[in-house]
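Structural characterization, general
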Amino acid sequence: MPDNETQEAQKTTLQAPITKFLGPLALVVGLSVFGFYLYGTDHSTIGLLAGVLSAIGSLFVLVQLLPNANSLTLDTEGLTIRAFFRDQRYLWKDIQEFQVGKIGLNEMVLFNLTSEFKARSEADRAASEFMRNINGYDGALPTTYGKSASELCLLLRRYLQVE
């Protein structure tokens, strides 16, 4: 078992770049302003609805801009995906493989889980089956954390091989 110093040296945390969220933020703020503009016209109900929903959407994007709102932490035992301040942990022994693939227009890192992991709970099995029906894999990282999908996939494979 490595000591704490060795474990810290082997720990890597990647953050999603803030610039990734600026485009969506501009879009939802623009939609919100347009919606509230429409509120003052004959389309007041639609404008109010669009303005309020877009304002709520902008709050979700703003939360992602806060420090430590989302990250990927890799260590000797596994990886932790943090999104909206909520952590999801996978041990290396639970991951079968990593692969680069596309979801929509986005190139992302996809992964498959071991059958042992999926057998642990009905929720894990159902979630991986749902994802597999969408893209052929059990899961996907939500972003590439400022790296290309290929670079991130190689890094993850290195950690997986060490296990």
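Residues numbered from 1 in each chain as written. Predicted model: local features only at pLDDT ≥ 70, side-chain atom pairs only at ≥ 80, totals over all residues. Heavy atoms only, no water.

A closer look at the overall build of the protein chain
- Helix and strand counts for the protein chain stand at six helices and seven strands.
- Starting at the N terminus and walking to the C terminus, you meet the elements of the protein chain as α-β-α-α-β-β-β-β-β-α-α-β-α.
- Along the longest, intermediate and shortest principal axes, the C-alpha atoms of the protein chain span 65 × 35 × 25 Å.
- Counting over 163 residues, the protein chain shows a buried share of 34%. (Helix = DSSP H or I, 4+ residues; strand = E, 2+ residues; numbered from the N terminus. Buried < 20%, exposed > 50% of the residue type's maximum accessible area, 1.4 Å probe, protein only.)

With respect to the confidence of the model for the protein chain
- The pLDDT averaged across the protein chain works out to 86; a share of 94% of its residues lies at or above 70.
- Within the protein chain, helix α1 (residues 4-9) has the poorest average pLDDT of any element, 49, and strand β2 (residues 71-74) the best, 95. (pLDDT = per-residue confidence, 0-100.)

Re the environment of Ser150
- Note on placement: Ser150 falls in helix α6 (residues 149-162).
- With relative accessibility at 40%, the residue Ser150 sits in the partly exposed group.
- In this structure, the C-alpha to C-alpha distance between Ser150 and Tyr137, residues 13 residues apart in sequence, is 16 Å.

Looking at the environment of Leu113
- Take Leu113: it is sitting in strand β6 (residues 106-113).
- Among the residues examined, Leu113 registers a relative accessible area of 4% and is labelled buried.
- For the pair formed by Leu113 and Glu97, sequence separation is 16 residues and the distance between their alpha carbons is 7.3 Å.
- If we ignore the near neighbours within four places in the chain, the residues touching Leu113 are Tyr90, Asp94, Ile95, Gln96, Lys118, Ser128 and Asp138. (Contact = heavy atoms within 4.5 Å.)

Re the pairing of β2
- The alternating pattern of β2 places Ser71 and Thr73 and Leu72 and Leu74 on opposite faces, both of which are buried.
- Sheet topology note: the strand β1 (residues 12-15)/β2 ladder contains four bridges and is antiparallel. Its bridge partner being in β2, Gln15 is matched across the sheet by Ser71.
- Across four bridges, β2 lies against strand β3 (residues 78-83) in antiparallel orientation. Along β3, the bridge assignment pairs Leu72 with Ile81.
- With antiparallel pairing between neighbouring strands as the criterion, β2 and β3 make up a hairpin whose turn holds three residues. (Pairing = 2+ DSSP bridges.)

A short note on the sheet that holds strand β5 (residues 95-103)
- An order of β5-β6-β7 is seen for the three strands of this open sheet, with the pairing classed as antiparallel. One side of each edge strand has no neighbouring strand; the edge strands of this open sheet are β5 and β7 (139-140).
- Pairing of β6 with β7, which is carried by two bridges, proceeds in the antiparallel orientation. Bridge pairing in β7 places Leu110 opposite Ala140.
- Docked against the sheet, helix α5 (residues 122-135) engages β5, β6 and β7, running at close to 135° with respect to β6.
- α6 contacts β5 and β6 of the sheet and is inclined by roughly 175° relative to β5. (Axes fitted to C-alpha atoms, helices over the stretch in contact; angles between N-to-C directions.)

Digging into the pattern of salt bridges
- Scanning the entire structure with this criterion turns up seven salt bridges.
- In this structure, Arg82 and Asp87 form a salt bridge, with 2.7 Å as the shortest nitrogen-oxygen distance.
- The class of Asp87 is partly exposed, set by a relative accessible area of 43%.
- What you see here is one network of salt bridges that share partners, running through Lys118, Arg132 and Asp138. (Salt bridge = Lys/Arg side-chain N within 4 Å of Asp/Glu carboxyl O.)

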